[in-house]
Amino acid sequence: MGENTMTKRIVGISKKAYIISIILVISAVISFGFNMYQESGYIHGLFYCLTHNHFESISITEIIYQILDILIMVLNFVIFIICGLIFKGIIVDKTPFRKKTADRLKNLSILFIISAFFSCACTVMNFIFFPDYIEGYSVFCSGVSDIQHIFYAIVFFLITLICRYGCQLQIESDETL
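One structure accompanies this document, and this report is about it. (Residues numbered from 1 in each chain as written. Predicted model: local features only at pLDDT ≥ 70, side-chain atom pairs only at ≥ 80, totals over all residues. Heavy atoms only, no water.)

### A closer look at helix α3 (residues 60–93)
Move 1: Compared with an ideal rise of 1.5 Å per residue, which puts 34 residues at 50 Å, α3 spans 49 Å between its outermost C-alpha atoms and is within 8% of the ideal.
Move 2: Positive backbone phi, at 65 degrees, marks K94, one or two positions downstream of α3. (Helix = DSSP H or I, 4+ residues; strand = E, 2+ residues; numbered from the N terminus. Expected span 1.5 Å × (residues − 1).)

Next comes the structure, spelled out in structure tokens:
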């Protein structure tokens, strides 16, 4: 497969992925909005308690869960935006081997580590505050999910290194010509 054909495939897939990332960003904003204004939503409940001094109706555990929920929503929103920027950069530059792309991939791996931290925090809180409710299966699944996030971070970090190496090769190729 020639270089031009490969470039076309990469750009074509990036265009489709860019459209999907835009849809995910919009859905994250809509989800946040529904959670903000829906009376049963975590975020609405937290802001209502904060603005109306109704702290006796909400426990500290619920407040922590609601804050973690907000942070996870924001984290997902940022991940979708960074993915969109990566795909848009590939579309514009016609190559994934740019320093900006490598930097964004590195940021993505950091966000996956942060995501694993939040997931671990939720698992530990569930285990501490709801020991009777938690079954061995759900704790095991949460632990696997945390490991999965860390694995994704390692994969993205490796792809970052590959992309940086591709950038160096691209520079050497351009200097040779």
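### Focus on the pattern of salt bridges
Move 1: Counted according to the given criterion, the structure contains 3 salt bridges.
Move 2: Across the salt bridge formed by K99 and D103, the nearest N and O atoms sit 3.0 Å from each other. Here K99 and its partner D103 are both found in helix α4 (residues 99–129), 4 residues apart, which amounts to about one turn of the helix.
Move 3: Three or more residues joined by partner-sharing salt bridges are found here, namely K99, D103 and R164. (Salt bridge = Lys/Arg side-chain N within 4 Å of Asp/Glu carboxyl O.)

### With respect to the nonpolar core
Move 1: With 18 residues, the main nonpolar core has L68, L75, I79, I82, I86, L108 and L111 as its most contacted residues.
Move 2: For this core, the elements supplying multiple residues, two or more each, are α3, α4 and α5 (136–176).
Move 3: Contacts of I82, omitting those with residues within four sequence positions, involve R104, N107, L108 and L111. (Core = buried A, V, L, I, M, F, W, Y, C linked by side-chain atoms within 4.5 Å. Buried < 20%, exposed > 50% of the residue type's maximum accessible area, 1.4 Å probe, protein only. Contact = heavy atoms within 4.5 Å.)

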